[in-house]
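# Residue-level structure breakdown
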Amino acid sequence: MRASAALLIVLAVAAGPARAGEDASGAPADTVQPADAPAQETIDAAVERGVRWLRGEQKRDGAFGQGPGETALALLTLRHCGVAADDRACERAARHLERNLPDGTVYGAALGAVALLEQDARLHEAKIAALVEDLVDAQCENGQWSYGYRRTARGAAGDNSNSQFAILALAAARARGIAVPDEPFDRLRTFLEETQNEDGGFGYSAKERSRSYASMTAGAAMCLGLSPARDTGPDRVEAPADDGDGETADPARRHALEWLARHFDPEANTGAARAFGSKAGRRSDAFWRHYWLWSVERAAAACGVERLGEHDWYAAGCRVLLDRQHDDGQWRDPEREILATCFALLFFRRSTERVITPRDRRSGPVTPSGPRGAGPEAGAADGQPDGE
């Protein structure tokens with residue numbers, strides 16, 4: 001398998017059906033009790049250990065992992081964990097992305113655009129603009145995105161995994177003042193409204209793993225949060241349409257959030273076992289569980305919710321991740337170490353709010369877990385001379 005394709009396979013996550021009040025097997029869902037958030041100093045220490053491990057994974061050419069998409073994910077993680085833009089690790093990773101993007105993949109283009117926006121939007125302006133243009137042009141006929149975006153790879157339909165990364169990148173670009181048309185947001189919303197499962201959840205695609213499962217439902221909820229219904233006005237990034245408690249007049253988004261509340265389990269990507277069925281080694285709801293936690297973080301940020309029903313998703317997820325961290329600072333299993341570690345650190349930092357929030361609306365300096373909407377060295381001191 002080519003290295004540039006590795007991340008593409010990793011991010012295609014598990015599936016499983018459920019009805020209201022049931023888990024993926026049809027049994028009544030267990031109630032996850034609310035958890036108090038761990039002490040801030042405990043979270044800070046975990047982030048510091050994770051960043052130290054991640055730094056050690058950088059290669060001589062500035063890359064991380066396998067392909068530009070994973071390098072972009074690592075750069076985004078470092079920036080959100082307080083590593084300055086002029087830090088040698090960040091500069092080397094950014095130069096690697098400049099040299100190796102585009103790589104013909106939606107994941108690479110999307111994560112690359114988001115990472116370079118966080119690194120230095122002015123310095124990387126031309127590359128970011130090219131990646132955003134590629135993503136707009138790559139949208140499939142049905143409103144989704146697929147793995148590849150070169151003309152020969154585009155088709156009638158894509159999948160909900162690539163789609164969520166593409167729309168996150170377009171929302172991030174729009175938040176930084178880059179002109180992005182409404183059409184990609186509108187077309188994706190229309191597709192999601194028309195294909196939402198009866199239980200309120202979402203699967204991977206209409207033809208593959210179509211049953212509802214946790215990580216893909218969270219990804220779709222994020223997409224709906226970033227693509228408000230047409231009657232909510234043009235401010236699609238800055239103003240999620242809810243009343244602060246997750247209530248919304250948007251039925252598709254409401255049903256997706258309700259599905260997540262019914263099936264929330266910080267330990268498991270609910271539905272993974274049934275999603276992959278007979279595929280060897282993929283019969284557990286632990287499948288891509290670190291990715292699932294980052295997915296719910298992104299959904300909550302885009303939809304503006306602090307709780308999923310009775311569940312404090314952030315506190316519960318923090319406890320699971322703290323318990324799962326290895327002594328050397330990494331996370332792993334079932335994802336590869338570099339991916340699991342990035343997903344965990346981005347969850348701790350609640351990174352998505354910063355990504356989708358216009359620069360002038362961000363709050364001041366933060367500690368690793370909050371407040372929402374802020375990020376590493378926010379404001380003029382954040383090492384991003386992008387003039388915004």
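Here the structure is a predicted model, which is why all the values come from computation and not from measurement. (Residues numbered from 1 in each chain as written. Predicted model: local features only at pLDDT ≥ 70, side-chain atom pairs only at ≥ 80, totals over all residues. Heavy atoms only, no water.)

Broken down by element type, the protein chain carries 15 helices and zero strands. Counting every position in the protein chain, which comprises 388 residues, the buried fraction comes to 60%. Considering only intrachain contacts with a sequence separation of at least 6, the fraction spanning at least 24 residues in the protein chain is 71%. Within the structure as shown, the protein chain displays about 14900 Å² of accessible surface, and the carbon and sulfur contribution to it stands at 47%. (Helix = DSSP H or I, 4+ residues; strand = E, 2+ residues; numbered from the N terminus. Buried < 20%, exposed > 50% of the residue type's maximum accessible area, 1.4 Å probe, protein only. Contact = heavy atoms within 4.5 Å. Areas by Shrake-Rupley, 256 points an atom, 1.4 Å probe, with all protein chains shown as cover.)

A contiguous patch of negative charge on the surface is contributed by Glu-57, Asp-327, Asp-328 and Glu-337. Here Asp-327 is to be found in the loop between helix 13 (313-324) and helix 14 (337-348). Look at Asp-327 and you get exposed, because its relative accessible area is 81%. (Patch = residues over 30% accessible without salt bridge, like charges linked within 9 Å, V, L, I, M, F, W, Y side chains within 5 Å. Salt bridge = Lys/Arg side-chain N within 4 Å of Asp/Glu carboxyl O. Lys, Arg positive; Asp, Glu negative; His and termini not counted. Charge placed at Lys NZ, Arg CZ, Asp CG, Glu CD.)

Attention now moves to the packing of helix 3 (residues 68-80) against helix 5 (residues 106-120). In the contact formed by helix 3 and helix 5, the axes pass within 8 Å of each other and the chain directions differ by 30°. Between helix 3 and helix 5, the angle is such that the two are roughly parallel. Note that helix 3 runs across helix 5; the crossing there is left-handed. On the side of helix 3, the interface is formed by Gly-69, Ala-72, Leu-73, Leu-75, Leu-76, Arg-79 and His-80, while helix 5 contributes Gly-108, Leu-111, Gly-112, Val-114, Ala-115, Leu-116, Glu-118 and Gln-119. Here the residues of the contact of helix 3 with helix 5 are counted per class, giving eight nonpolar, five polar and two charged. (Axes fitted to C-alpha atoms, helices over the stretch in contact; angles between N-to-C directions. Parallel < 35°, antiparallel > 145°, perpendicular 65-115°, else oblique. Left-handed = near helix turned anticlockwise from the far one by under 90°. Nonpolar A, V, L, I, M, F, W, Y, C, P; charged D, E, K, R; others polar.)

Turning our attention to helix 3. Counted at 1.5 Å a residue, the expected span for helix 3 with its 13 residues is 18 Å, and the 18 Å between its end C-alpha atoms agrees. Counting buried positions along helix 3 yields 13 of 13 residues, so the element is predominantly enclosed. Downstream of helix 3 by one or two residues, Gly-82 has phi in the positive range, about 95°. (Expected span 1.5 Å × (residues − 1).)

Here we take up helix 7 (residues 160-175). Structural remark: α-helix, 3.6 residues per turn; residues separated by three or four positions point the same way. Over its 16 residues, helix 7 runs 22 Å from end to end, which matches the ideal 22 Å to within 8%, given 1.5 Å per residue. The element helix 7 is extensively covered by neighbouring structure, given that 16 of its 16 residues are classed as buried. At the N-terminal boundary of helix 7, the capping side chain belongs to Asp-159, with an oxygen 2.9 Å from the backbone nitrogen of Ser-161. Gly-177, located one to two residues past helix 7, shows a positive phi value of around 90°. (Polar contact = N/O pair within 3.5 Å; in protein donor to acceptor, adjacent residues only side chain to side chain.)

As a further point, take the nonpolar core. In this structure, Ile-167, Leu-308 and Phe-348 are the most contacted members of the largest nonpolar core, which totals 101 residues. Residues contacting Leu-308, with those up to four places away along its chain left out, are Leu-257, Leu-260, Ala-261, Phe-264, Val-296 and Trp-313. (Core = buried A, V, L, I, M, F, W, Y, C linked by side-chain atoms within 4.5 Å.)

Considering all chains together, one arrives at eleven aromatic pairs under this definition. Judged by centre distance (5.8 Å) and plane angle (80°), the rings of Trp-313 and Phe-347 are edge-to-face. With Trp-313 in helix 13 and Phe-347 in helix 14, this pair connects stretches of sequence that are 34 residues apart. Considered together, Trp-313 and Phe-347 belong to a single accessibility category, that of buried residues. Every member of this aromatic cluster is reached through a ring pair, and the members are Tyr-107, Tyr-147, Phe-165, Tyr-291, Trp-294 and Phe-343. Positioned above the aromatic ring of Trp-294 is the side chain of Arg-298, whose terminal nitrogen or guanidinium carbon lies 4.5 Å from the ring centre. Here the guanidinium or amino end of Arg-350 rests over the ring plane of Tyr-314, the centre of that ring lying 4.8 Å away. (Phe/Tyr/Trp six-rings, centres within 6.5 Å; stacked < 30°, edge-to-face > 60°. Lys NZ or Arg CZ within 6 Å of the ring centre and 35° of its normal.)

Following the sequence through the fold, Ala-220 ends up in helix 9 (residues 214-226). We classify Ala-220 as buried; its relative accessible area is 3%. With 19 residues separating them along the chain, Ala-220 and Gly-201 place their C-alpha atoms 8.4 Å apart. Aside from chain neighbours lying at most four places away, what touches Ala-220 is Leu-192 and Phe-202.

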